[in-house]
Amino acid sequence: MVGVKMAAAAAASIRERQTVALKRMLNFNVPHVKNSTGEPVWKVLIYDRFGQDIISPLLSVKELRDMGITLHLLLHSDRDPIPDVPAVYFVMPTEENIDRMCQDLRNQLYESYYLNFISAISRSKLEDIANAALAASAVTQVAKVFDQYLNFITLEDDMFVLCNQNKELVSYRAINRPDITDTEMETVMDTIVDSLFCFFVTLGAVPIIRCSRGTAAEMVAVKLDKKLRENLRDARNSLFTGDTLGAGQFSFQRPLLVLVDRNIDLATPLHHTWTYQALVHDVLDFHLNRVNLEESSGVENSPAGARPKRKNKKSYDLTPVDKFWQKHKGSPFPEVAESVQQELESYRAQEDEVKRLKSIMGLEGEDEGAISMLSDNTAKLTSAVSSLPELLEKKRLIDLHTNVATAVLEHIKARKLDVYFEYEEKIMSKTTLDKSLLDIISDPDAGTPEDKMRLFLIYYISAQQAPSEADLEQYKKALIDAGCNLNPLQYIKQWKAFAKMASAPASYGNTTTKPMGLLSRVMNTGSQFVMEGVKNLVLKQQNLPVTRILDNLMEMKSNPETDDYRYFDPKMLRGNDSSVPRNKNPFQEAIVFVVGGGNYIEYQNLVDYIKGKQGKHILYGCSELFNATQFIKQLSQLGQK
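This structure is a prediction, so every number in the text was calculated from the model and none was measured.

What counts and what doesn't
- Residues numbered from 1 in each chain as written.
- Predicted model: local features only at pLDDT ≥ 70, side-chain atom pairs only at ≥ 80, totals over all residues.
- Heavy atoms only, no water.
- Helix = DSSP H or I, 4+ residues; strand = E, 2+ residues; numbered from the N terminus.
- Contact = heavy atoms within 4.5 Å.
- Pairing = 2+ DSSP bridges.
- Axes fitted to C-alpha atoms, helices over the stretch in contact; angles between N-to-C directions.
- Phe/Tyr/Trp six-rings, centres within 6.5 Å; stacked < 30°, edge-to-face > 60°.
- Buried < 20%, exposed > 50% of the residue type's maximum accessible area, 1.4 Å probe, protein only.
- Lys NZ or Arg CZ within 6 Å of the ring centre and 35° of its normal.
- Salt bridge = Lys/Arg side-chain N within 4 Å of Asp/Glu carboxyl O.
- Parallel < 35°, antiparallel > 145°, perpendicular 65-115°, else oblique.
- pLDDT = per-residue confidence, 0-100.
- Expected span 1.5 Å × (residues − 1).
- Polar contact = N/O pair within 3.5 Å; in protein donor to acceptor, adjacent residues only side chain to side chain.
- Patch = residues over 30% accessible without salt bridge, like charges linked within 9 Å, V, L, I, M, F, W, Y side chains within 5 Å.
- Areas by Shrake-Rupley, 256 points an atom, 1.4 Å probe, with all protein chains shown as cover.
- Lys, Arg positive; Asp, Glu negative; His and termini not counted.
- Charge placed at Lys NZ, Arg CZ, Asp CG, Glu CD.
- Left-handed = near helix turned anticlockwise from the far one by under 90°.
- Nonpolar A, V, L, I, M, F, W, Y, C, P; charged D, E, K, R; others polar.
- Arc of directions from axis to C-beta.

1. Focus on the overall build of the protein chain
In terms of regular secondary structure, the protein chain is built from 24 helices and 17 strands. At a minimum sequence separation of 6, the contacts of the protein chain that also span at least 24 residues come to 79%.

Have a look at this one:
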């Protein structure tokens, strides 16, 4: 890092901070020095599913090996004893995990044990481990016990999600179930707060908290404020002093945490989208930065009557190392298709150059001329050879994105997703509609029953005036004819009636997408992507409700939407609940956290918003990350009651 300025720029990357924390843990909780020569200490890593989900988006198997991890195993798998190797554990402090660790101690599986808990372990459970160690006379082997406070999953430099394993526990459905008891709700809130607390410990900053009133977000805010306050008060053991803040990239200004409830905007998670990352998440199986594709291997050259070949499953990691992904994940889809095509052409040109050199070098026989040519070409060849690994990596990325983008394109064409996207944008921005909703619902070629349901729900949620009973019946009939399940609508109806009492519907800005005429470059026959009939829609930046709320609070704008948001400052001695912010200056750093689930559409919207703000940073977090299919399923379960 170069000086203070760079430190400030990197301040927002939670990915970096969590990765550093993990590397320190794998290095027996001693800071990891990059340039130390010599072999690392070989060791075994034992994790549970929670630990696996935290590590896998951040560290590749190669990076683990560089850290000396020869073997990484799940805690609850059959593991053979490896008596002369130290083991690093990274697990949640649950009853069954601790039992299993005690069993490992008794069976003397490893040479020494470094026990790391993802979230803080209770006193009583710690005593259980101590007793087991005593009984197994393995006290000297338990080298260290650490609370890591890493109970959240970082997916991007500026995006995190609470959990993946038990996400139904904190899902939208769990929070909004009509029959939830107070104690169940407490558990849900505690789970969310525990992860958020870990997040701020890792970030090394105590936020100023704002939240809407009367929502689950408010319950989270109250509990988080209390937890941070208690930790700050316990000066001897506070997690927010000393070395974490010494690096305090935030020390000059504290970040703002905006807690938003999913219920302020139910349309966006159902919305069909047009940017690359959000589309991949919407139509493919994309999970913790890995996309799984089924490749049909076709029946071209097989004899007549042969069975079609089995579908191959392939998975690709879309990581920050992938430059193409980093550059284009927020781009509209036609632009992505065009860029893949350009990359391919530039790669082919480079490849041809290497081939040409090869033929000159090897195939011209042994005559004198070849020797003189050699000297000119040695330099060229050296550069060509040194660029080979780069070339291969480029080829790998091009293939990857060709496959992923083709899979997305198939969905767009088969389901007319461009039509849905454009129509929903019009509904959400209250523009006049060019064709009737009923036509799209009854068009058998347009989309799946779920696509139709999503469209209708967005219409229903966004409508200022709910449709009359007669109209609603007509829509319902059309939806049933199209094969839709009406349960989600049941829930949204109740929700809307309830939300109406609470507040006016969220507005989505009043801008629209402009169709730009189909892209000529992509249309030419040489292209991999046949985009015929797919509209090239260009996005205009419009702030979604979550982004708008953040903008009001971050820039200290007065707005009826956010004026009565509660204000918490855990550093103030007496927690006087005032919604009067003490600090009147705009914030430089903010974290938006959606209680009840988030999506890549909102994430992208925030990223685009902050691009225009010099020197400001934003992080987006959510209790779970769902796509429209998963969200509809939850709404459907809520509507069955």
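2. Points about the sheet that holds strand β1 (residues 43-47)
Spatially, 5 strands are ordered β2-β1-β3-β4-β5 in an open sheet, and the strand pairing comes out parallel. Strands at the two margins of the open sheet, each flanked by one partner only, are β2 (69-74) and β5 (142-147). Ignoring strand direction, the axes of neighbouring strands in this sheet form an average angle of 20°. The pairing of β1 with strand β3 (residues 82-91) spans 4 bridges and is parallel.

3. Observations concerning the sheet that holds strand β17 (residues 617-622)
Strand order in the open sheet made by the 7 strands is β6-β7-β17-β16-β9-β8-β15, with mixed pairing throughout. Among the strands making up the open sheet, the edge pair consists of β6 (153-156) and β15 (566-568). Across the sheet, the mean angle separating the axes of adjacent strands is 20° when strand polarity is ignored. Of the strands in this sheet, β8 (208-211), β9 (256-261), β16 (589-595) and β17 touch helix α22 (residues 545-554), which is tilted by about 145° from β9.

4. A word on the packing of aromatic side chains
Two measures describe an aromatic ring pair: the distance that separates the ring centres and the angle between the ring planes. Summed over the entire model, instances satisfying the criterion amount to 24 aromatic pairs. For the pair Phe-286 and Trp-325, a centre-to-centre distance of 6.0 Å together with 70° between the ring planes defines the contact as edge-to-face. One end of the pair, Phe-286, is in strand β10 (residues 285-287); the other, Trp-325, is in helix α12 (residues 323-328), with 39 residues separating them in the sequence. Using a relative accessible area of 6% as the deciding quantity, one classes Phe-286 as buried. Between Phe-456 and Tyr-459, the ring centres sit 5.8 Å apart and the planes meet at 45°, which makes this aromatic pair tilted. Placement of the pair is Phe-456 and Tyr-459 together in helix α18 (residues 449-462), with a separation of 3 residues, close to one helical turn. Each member of the pair Phe-456 and Tyr-459 is classed as buried. An aromatic cluster is defined as three or more aromatic residues linked by ring pairs; in this entry it consists of Tyr-276, Phe-286, Trp-325, Phe-333, Tyr-600, Tyr-603 and Tyr-620. Its end group placed over the ring of Phe-28, Lys-43 keeps NZ or CZ at 5.0 Å from the ring centre. We note Lys-227 situated over the ring of Phe-197; from NZ or CZ to the ring centre the distance is 5.2 Å.

5. With respect to the pattern of salt bridges
Taken as a whole and judged by the stated rule, the model has 30 salt bridges. Arg-229 is the partner of Asp-225 in a salt bridge, and the nearest nitrogen-oxygen pair spans 3.2 Å. Of this pair, Asp-225 and Arg-229 both sit in helix α9 (residues 216-233), 4 residues apart, roughly one helical turn. Each of the two residues, Asp-225 as well as Arg-229, counts as buried.

6. Here's the deal with the packing of helix α15 (residues 388-415) against helix α16 (residues 417-428)
Closest axis-to-axis distance for the α15/α16 pair is 6 Å, and the angle between their directions is 75°. In terms of axis orientation, α15 runs roughly perpendicular to α16. Of the residues in α16, those in contact with His-411, Ile-412 and Arg-415 of α15 are Leu-417, Asp-418 and Tyr-420.

7. As for the confidence of the model for the protein chain
In this model, the protein chain carries a mean pLDDT of 83, and residues with pLDDT of at least 70 account for 81%. Helix α1 (residues 3-9) is the least confidently modelled element of the protein chain, averaging 32 in pLDDT, while β1 averages 96, the highest of any element. Here residues 298-304 scores under 50 on pLDDT; set against residues more than four positions off or in separate chains, the count is 4 contacts. Under a pLDDT of 50 for its full length, residues 510-526 has, in the predicted model, 41 contacts with residues more than four places off or in other chains.

8. A closer look at the environment of Asp-399
Mapping Asp-399 onto the fold places it in helix α15. In the structure, Asp-399 is positioned 59 residues away from Val-340 in sequence and 9.1 Å away in space, judged by C-alpha atoms.

9. With respect to α15
Given a rise of 1.5 Å per residue, 28 residues ought to cover 40 Å, and the 40 Å separating the end C-alpha atoms of α15 matches this to within 8%. One or two positions beyond α15, positive phi appears at Lys-416, with a value near 55°.

10. Regarding the side chain of Asn-164
Positionally, Asn-164 belongs in the loop between β7 (159-161) and α7 (172-176). Under the relative-accessibility criterion, Asn-164 is labelled buried at 13%. For Asn-164, the side chain forms a polar contact with the side chain of Lys-167, separated by 3.3 Å. A polar atom in the side chain of Asn-164 sits 3.2 Å from the side chain of His-287. Apart from residues lying up to four places away in sequence, Asn-164 is in contact with Asp-53, Ile-153, His-287 and Leu-288.

11. Things to note about a negative patch on the surface
Together, Glu-95, Glu-96, Asp-99 and Asp-128 make up a region of like negative charge exposed at the surface. Relative to the assigned elements, Asp-99 resides in helix α5 (residues 95-106).

12. Some thoughts on unusual backbone geometry
Residue Tyr-149 is not a glycine yet carries a positive backbone phi of 50°. With respect to the helices and strands, the residue Tyr-149 is situated in the loop between β5 and β6. Positive phi, close to 55°, is recorded for Lys-416, a residue that is not glycine. For Lys-416, a relative accessible area of 30% gives the class partly exposed.

13. Some remarks on the packing of α18 against helix α19 (residues 469-481)
Contact geometry of α18 with α19 gives a least axis separation of 11 Å together with a crossing angle of 165°. It follows that α18 is roughly antiparallel to α19 by the angle criterion. α18 and α19 meet at a crossing whose hand is left-handed. Taking contact as the criterion, the partners of Lys-452, Met-453, Phe-456, Tyr-459 and Tyr-460 in α18 are, on α19, Leu-472, Tyr-475 and Leu-479. Grouping the amino acids of the contact of α18 with α19 by side-chain chemistry returns 7 nonpolar, no polar and 1 charged.

14. A word on α19
For α19, built from 13 residues, the straight-helix expectation of 18 Å at 1.5 Å per residue is met to within 8% by its first-to-last C-alpha distance of 18 Å. Within the sequence span of α19, burial applies to Leu-472, Tyr-475, Lys-476, Ala-478 and Leu-479. Considered in projection along α19, the buried side chains sweep an arc of 165° and stay on one side of the axis. Exposed residues lying more than 90 degrees from the buried face of α19 are Ala-470, Lys-477 and Asp-481.

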